[in-house]
Amino acid sequence: MIRVRRSSIRRFPAPEESALICFLSLTLGEGGSVRGCAVIRPPEAAPEFAQAAEQAARLATEVRAGSVFSFWLQMRAALDSWQKTNGKSMAAAAFGLALLERALMDAFCRAKTKPFAACLHDNDFKIELGKLCRPLKDRQPGKLLEGPLQGGMRVQLAVAPAAPMTELESAIAAGYRQFNLGLSGQATADLARLIDIAARLDQIEGRYAVSLEGNASFATPKELRELWEGMKAVPELKKLMRSVAYIEQPFPVDDSLTNAALALFAEWPERPPIIVDESDDSFGACARALEWGYAGTVFRAARGIIPGVVDASLLGARRDREPIGKWTIAGGPLSVGLPLAQLAELSANAAFGLGSCTITPGMLAAPTTDDPWRETLVAAHPETFDAQGALRVNGGAIALDEVVRAGFGCLPEIDATELLHA
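In this text the structure is predicted, and so the values were computed from the model without any measurement.

Q: Lay out helix 10 (residues 259-267) with the relevant residues and their values.
A: Buried within helix 10 we find Ala 261, Leu 264 and Phe 265. The arc that holds every buried residue of helix 10, seen down its axis, measures 95 degrees, which confines them to one face. For helix 10, exposure combined with an orientation more than 90 degrees from the buried face picks out Asn 259, Ala 266 and Glu 267.

Here's what the structure looks like:
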């Protein structure tokens, strides 16, 4: 029986107080209590996200469950009820659930003394996929997910639509070979910028890989096709186009599953792989997207591990059925300025078997604060963080050996008073 004896929510002090940290103390059966913690930054600064986190912490002490999945289901139902009764957003309830879920899994893995990846693939969490997605009834995550990634994870550097070219040039000189190129949705401007980028990328010896970040900026599906056809007509973009792995979320979320998108896919069978980056917590979104013609989705650990397991399992089932398709689950951007959160996110990405994750140039900067917990973090994972606690990227890759082996419970149990200077 899983019980949360105590749980609390605090503002995380570094680099600013926009993130929240959840502490909890958990018992499994008759065993002693084990602490877990999780740090996630809300998608918005609205007070309702902190309120949802506080509500999740209160509700957690009232739940009794035989598995992590059962605990999670009860928490989801309770937070849904709270959200509807109090007129809060679904996004706020989903955030509270994701924060509590990650802290719960962290403590569970510590209590089992077992890496997160092993718990996930052995289904120690007792996730019943069919309860969340009917096409996955009677399927097991371990049979559908890619094997845990070992050794290292490639880094995909995000290049914003307005980023200076010097930023790209510095990344190339530093050894980066994977890039997420932001689009503005303005065909003329995007085409000119891609030609400028290609002139620099084509100087790289050997191969490089790119994805195109649509930023939900294309007003109509027709505009996306016009951009792609325009790119095909430019000789300077020939190598870059061969290197495009996928286009991510080109349309606004509310327009992703419309008749206009369906018509575009029907008329454009030779289109590049297009994936969605859904921002809500509806479990049918990815399944519908695949049926409509999308090639995959984005995994963002900050939105919740179990929702990500469902999406990754759907992609695994689709690969089993149609192995020749370009089915993709992409590793979303890591949390900026939150090494403690990044560690859990990298662990989840590796457990899902994702070959790369996305970072921004600002994530390579040394932290400006000297928190006591950073010393513990650096000592435990020098392969992942440098002496200042900044993400360590060598030649466009992050070493993951220790992260994969340790999983969520990858640090000694850090006292809340140490973490929060209390």
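Q: Please give an account of the pairing of strand 2 (residues 20-28) that cites residues and values.
A: In terms of residue burial, strand 2 counts as a mostly covered element, since 8 of its 9 residues are buried. Pairing geometry for strand 1 (residues 2-11) and strand 2, over 9 bridges, is antiparallel. Bridged to Arg 11 within strand 2 is Leu 20. Relative to strand 3 (residues 34-40), strand 2 runs antiparallel, the two being bridged by 7 bridges. Note on strand 3: the bridge partner recorded for Leu 24 is Gly 36. Between the antiparallel neighbours strand 2 and strand 3 lie 5 residues, among them Gly 29 with a positive phi of about 60 degrees.

Q: Tell me about the nonpolar core, and name the residues and values.
A: One finds Phe 71, Met 75, Phe 116 and Phe 125 to be the most contacted residues of the largest nonpolar core, which totals 72 residues. Apart from residues lying up to four places away in sequence, Phe 71 is in contact with Ile 2, Val 4, Ala 60, Val 63, Ala 65, Leu 100 and Leu 104.

Q: Would you mind going over unusual backbone geometry in detail, with residue names and values included?
A: Leaving glycine aside, a negative phi is the common case for residues, and trans is the common case for peptide bonds. Phi at Asn 123 is positive, roughly 55 degrees, even though this residue is not glycine. Mapped onto the fold, Asn 123 is located in the loop between helix 4 (116-121) and helix 5 (141-144). Its identity as a non-glycine residue notwithstanding, Asp 138 has a phi of 70 degrees, on the positive side. Summarising the element assignment, Asp 138 is placed in the loop between helix 4 and helix 5.

Q: Before we move on, can you summarise the sheet that holds strand 4 (residues 64-65) with the specific residues and values?
A: Strand order in the open sheet formed by 4 strands is 3-2-1-4, and the pairing between neighbours is antiparallel. Single-partner strands in this sheet number two, and they are strand 3 and strand 4. Inspection of the sheet shows strand 1 paired to strand 4 by 2 bridges, in the antiparallel sense. When the sheet's bridge partners are listed, Ile 2 is paired in strand 4 with Ala 65. Here helix 1 (residues 47-60) sits on the sheet and contacts strand 1 and strand 2; the angle it forms with strand 1, its principal contact strand, is near 155 degrees.

Q: Let's hear about the pattern of salt bridges: which residues, and what values?
A: Pairs may arise between side chains of opposite charge once their charged atoms sit close together. Applying the stated criterion to the full structure yields 18 salt bridges. One salt bridge connects Glu 229 with Arg 225, and the closest N-O pair in it is separated by 3.9 Å. Taken together, the residues Glu 229 and Arg 225, both in helix 8 (residues 221-232) and 4 residues apart, mark about one turn of the helix. By relative accessible area, Glu 229 is classed as partly exposed at 30%.

Q: Can you tell me about the pairing of strand 6 (residues 178-182), naming the residues and giving the values?
A: Across the 5 residues of strand 6, 5 count as buried, placing the element largely inside the fold. Neither face of strand 6 is exposed, since Gln 178, Asn 180 and Gly 182 on one face and Phe 179 and Leu 181 on the opposite face are all buried. Handedness of the β-α-β unit built from strand 5 (residues 152-159), helix 6 (residues 165-173) and strand 6 comes out right-handed. The pairing of strand 6 with strand 7 (residues 209-213) spans 5 bridges and is classified as parallel. Residue Asn 180 lies in a different strand from strand 7, and its bridge partner there is Ser 211. In this region the chain leaves strand 6, passes through helix 7 (residues 187-201) and returns to the parallel neighbour strand 7; the handedness of that crossover is right-handed.

Q: Account for the side chain of Glu 248, with residues named and values stated.
A: For Glu 248, the location among the structural elements is in strand 8 (residues 244-248). One buried charged side chain, Glu 248, makes no salt bridge at all; its nearest oppositely charged neighbour is Arg 300, positioned 4.3 Å away. Those residues in contact with Glu 248, other than ones at most four positions away along the chain, are Asn 180, Leu 212, Glu 213, Gly 214, Asn 215, Ile 275, Asp 277, Val 298 and Arg 300.

Q: So what about helix 6? Which residues, and what values?
A: Burial in helix 6 covers these residues: Met 165, Leu 168, Ala 171 and Ile 172. Along helix 6, the residues classed as buried sweep out an arc of 120 degrees about the axis, all on the same side. Buried residues along helix 6 sit against strand 5, strand 6 and helix 7. Of the residues one or two after helix 6, Gly 175 is the one with positive phi, at around 105 degrees.

Q: Tell me about the side chain of Asp 124, and please be specific about residues and values.
A: Examined against the element boundaries, Asp 124 turns out to sit in the loop between helix 4 and helix 5. Residue classification places Asp 124 among the buried residues on the basis of a relative accessible area of 16%.

Reading the values: the criteria
Residues numbered from 1 in each chain as written. Predicted model: local features only at pLDDT ≥ 70, side-chain atom pairs only at ≥ 80, totals over all residues. Heavy atoms only, no water. Buried < 20%, exposed > 50% of the residue type's maximum accessible area, 1.4 Å probe, protein only. Helix = DSSP H or I, 4+ residues; strand = E, 2+ residues; numbered from the N terminus. Arc of directions from axis to C-beta. Pairing = 2+ DSSP bridges. Core = buried A, V, L, I, M, F, W, Y, C linked by side-chain atoms within 4.5 Å. Contact = heavy atoms within 4.5 Å. Axes fitted to C-alpha atoms, helices over the stretch in contact; angles between N-to-C directions. Salt bridge = Lys/Arg side-chain N within 4 Å of Asp/Glu carboxyl O. Right-handed = clockwise from strand over helix to strand, strands pointing away. Lys, Arg positive; Asp, Glu negative; His and termini not counted.

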